[in-house]
Amino acid sequence: MHTQVPDFYACLGVDRAASKESIVAAFRRLAMKWHPDRHFKAADKVEAEKQFKTIKTAYETLTDDSRRKYYDQEDADRQRRASARRGADVNEKVAVTIAEGFNGTHISFEEAVVDHCERCAGQRGEWMQCSRCSGFSKYSRLSVCPVCRNTGQEWRNCGPCHGLGTVTRKRKFTVRTPAGLVDGSVLTVKERGKPSEHGGLNGDLHIAITIKPESGWKRKGLNLSGTLKLPFSIALLGGTIELLLPTGKTVQVQVPARTNAGKKIRLAGQGLFDAANDKRGDVLLSTSIVLPSVKRKLTPEMEAVLRQIDGE
Ligand SMILES: [Zn+2]
Ligand SMILES: [Zn+2]
């Protein structure tokens, strides 16, 4: 049945439990009002024909037992589907390291799962012998038991589910995040939000990603900046330095001879990766020079050579 089918009961102005007689009476009353023969202006006649057709269909449907039964069933299904709203969306905020955002990672969440109560099998409770009168009020005509009103029985809610018929338990699940997440990325996991209370689908889970700070590194957009520490000899003579980036990648940085402290070196495309926008940042390094540790004893010959270098 299409959703545009009118509410036949409302058309006739009767309630859903209306008897066949009252439906017939309601139809006769409305037919008098809307019969096209009783309207003379052209516009009135068109409206009357429309109204008359609707009430006639309603009347024919609701006075035929099998058609009324079918209509009632369809009507109930339609209302149930319309009210089967999705569960609520859930928003979570998760902080990950630069490497986890860059390479992808696993994030664990808990979700609520609604099950039928095993104790009462969804029945919510049971009728028990009245606790006040132990059922004896059934045989009494003199007084009324305030608990059971002389039925001898009282409703007792199921204990484990508190009369809900369902129990909610927590279940862990893991989301595998894709590579290329940056600060502010939002991941949506379909149907992992709150369950629907109306038989509809679960809501969605939205995961807002933030990136944890990394000591020794600064983030600006997709760029990472840090310090490249040069051993004294490499600063002077040049060479290659292996550097572990916060993304987890190891890169070989070529250092030219006679590199001073504070020189900027850019590693293009080695910064963060934003998969959603398909963009890559750079790594910006600023050099510093590290002198040999105090354990490294300098012989008089080595000192003489170094003094020679500065002297030139
Ligand atoms: Zn129960
Ligand atoms: Zn009682």
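In what follows, the structure referred to is the one given above.
This is a predicted model, so every value here is computed, not measured.

Asker: Before we move on, could you go through the packing of aromatic side chains and cite the residues and values that matter?
Answerer: Overall, the coordinates contain 6 aromatic pairs when judged by the stated rule. On the numbers, 4.0 Å between centres and 15 degrees between planes, the contact of Phe27 with Tyr59 is stacked. Linking Phe27 in helix H2 (residues 20-34) with Tyr59 in helix H3 (residues 42-62), this pair joins segments that are 32 residues apart in sequence. Overall, Tyr59 belongs to the partly exposed group, its relative accessible area being 24%. The aromatic ring of Phe173 is capped on one face by Arg192, whose charged end is 4.1 Å from the ring centroid.

Asker: For a nonpolar patch on the surface, give the residues involved together with the corresponding values.
Answerer: A contiguous nonpolar surface patch, about 630 Å² in accessible area, is contributed by Phe232, Ile289, Leu291, Leu298, Met302, Val305, Leu306 and Ile309. The biggest single contributor to the nonpolar patch is helix H7 (residues 300-311), with 4 residues.

Asker: So what's going on with the coordination of the zinc ion (ligand 1)? Residues and values would help.
Answerer: Protein coordination of the zinc ion (ligand 1) is provided by Cys117 (SG), Cys120 (SG), Cys158 (SG) and Cys161 (SG), with donor distances spanning 2.3 Å. In this structure, the zinc ion (ligand 1) is surrounded by 4 donor atoms whose angles at the metal cover 105 to 113 degrees, and the resulting shape is tetrahedral. For the zinc ion (ligand 1), all donor residues lie on one chain, and their spacing in sequence is C-x2-C-x37-C-x2-C. On the criterion of sequence distance, the pair formed by Cys120 in the loop between strand E2 (106-116) and strand E3 (125-129) and Cys161 in the loop between strand E4 (153-157) and strand E5 (166-176) is long-range, its members being 41 residues apart.

Asker: Mind laying out the environment of Ser286, listing which residues take part and the relevant values?
Answerer: Within the secondary structure, Ser286 sits in strand E15 (residues 283-290). For the pair formed by Ser286 and Arg141, sequence separation is 145 residues and the distance between their alpha carbons is 98 Å. Setting aside its immediate chain neighbours within four residues, Ser286 contacts Gly226, Thr227, Leu228, Gly262, Lys263 and Lys264.

Asker: Any chance you could break down the coordination of the zinc ion (ligand 2) for me, citing the residues and the numbers?
Answerer: Every protein donor of the zinc ion (ligand 2) is accounted for by Cys130 (SG), Cys133 (SG), Cys145 (SG) and Cys148 (SG), and the metal-donor separations fall at 2.2 to 2.3 Å. Bound by 4 donor atoms, the zinc ion (ligand 2) shows angles of 103 to 115 degrees at the metal and therefore tetrahedral coordination geometry. Spacing between the donor residues of the zinc ion (ligand 2) along the chain follows C-x2-C-x11-C-x2-C. With Cys130 in the loop between E3 and E4 and Cys145 in the loop between E3 and E4, this residue pair connects regions lying 15 residues apart in the sequence.

Asker: How would you explain the pattern of salt bridges if you had to name every residue and give the values?
Answerer: In the structure shown here, the tally under the stated rule is 11 salt bridges. As a salt-bridge pair, Lys190 and Asp204 come within 3.4 Å of each other at their nearest N and O atoms. Placement of Lys190 in the loop between strand E6 (186-189) and strand E7 (205-211) and of Asp204 in the loop between E6 and E7 is noted, with a sequence separation of 14 residues between them. Taking relative accessible area as the criterion, Lys190 reaches 60% and is therefore assigned exposed. Looking at Asp204, the relative accessible area reads 7%, which means it is buried. One connected set of salt bridges, linked through shared partners, spans Arg86, Asp89, Lys190 and Asp204.

Asker: Explain the layout of surface pockets residue by residue, including any values.
Answerer: When its volume is computed, the largest pocket comes out at roughly 300 Å³. Contributing to the lining of the largest pocket are 18 residues, with Val90, Ala112, Gly193, Lys194 and Pro195 lying nearest its centre. Looking at the lining of the largest pocket, the elements with two or more residues in it are strand E1 (90-96), E2 and E5. Among the elements that make up the lining of the largest pocket, the one with the highest residue count is E2 (5 residues). Class assignment of the residues belonging to the lining of the largest pocket gives a composition of 8 nonpolar, 3 polar and 7 charged. Taken as a whole, the second largest pocket encloses approximately 210 Å³ of empty space. Every residue along the wall of the second largest pocket is listed here: Phe232, Ala235, Leu236, Arg258, Thr259, Asn260, Ile289, Leu306, Ile309 and Asp310. Listing elements by their share of the lining of the second largest pocket, those giving two or more residues are helix H6 (232-237) and H7.

Asker: Pulling in residues and values, what's your account of the environment of Gln123?
Answerer: If you trace the backbone, Gln123 turns up in the loop between E2 and E3. Gln123 sits in the exposed class, given a relative accessible area of 54%. For the pair Gln123 and Cys158, spaced 35 residues apart in sequence, the C-alpha separation works out to 8.2 Å.

Asker: For the sheet that holds strand E8 (residues 217-220), give the residues involved together with the corresponding values.
Answerer: Spatially, E8-E9-E15-E12 is the arrangement adopted by the 4 strands of the open sheet, whose pairing is mixed. Looking at which strands have only one partner, the edges of the open sheet turn out to be E8 and strand E12 (264-267). Mean inter-strand twist for the sheet, computed between neighbouring axes without regard to direction, equals 30 degrees. Pairing between E8 and strand E9 (residues 223-231): 4 bridges, direction antiparallel. Residue pairing for E9: Trp217 is matched across the bridge by Gly226.

Reading guide: rules and limits
Residues numbered from 1 in each chain as written. Chains lettered and ligands numbered in written order. Predicted model: local features only at pLDDT ≥ 70, side-chain atom pairs only at ≥ 80, totals over all residues. Heavy atoms only, no water. Phe/Tyr/Trp six-rings, centres within 6.5 Å; stacked < 30°, edge-to-face > 60°. Helix = DSSP H or I, 4+ residues; strand = E, 2+ residues; numbered from the N terminus. Buried < 20%, exposed > 50% of the residue type's maximum accessible area, 1.4 Å probe, protein only. Lys NZ or Arg CZ within 6 Å of the ring centre and 35° of its normal. Patch = residues over 30% accessible without salt bridge, like charges linked within 9 Å, V, L, I, M, F, W, Y side chains within 5 Å. Areas by Shrake-Rupley, 256 points an atom, 1.4 Å probe, with all protein chains shown as cover. Salt bridge = Lys/Arg side-chain N within 4 Å of Asp/Glu carboxyl O. Donors = N, O, S within 2.8 Å, 3.2 Å for Na, K, Ca; no water. Tetrahedral: all angles 85-135°; square planar, octahedral: opposite > 155°, others 65-115°. Contact = heavy atoms within 4.5 Å. 1 Å grid on protein atoms, 1.4 Å probe; cavity = no way out; pocket = protein on both sides within 12 Å on 5 of 7 lines; lining within 4 Å. Points joined across faces, edges and corners; volume = space filled by probe spheres on them. Nonpolar A, V, L, I, M, F, W, Y, C, P; charged D, E, K, R; others polar. Pairing = 2+ DSSP bridges. Axes fitted to C-alpha atoms, helices over the stretch in contact; angles between N-to-C directions.

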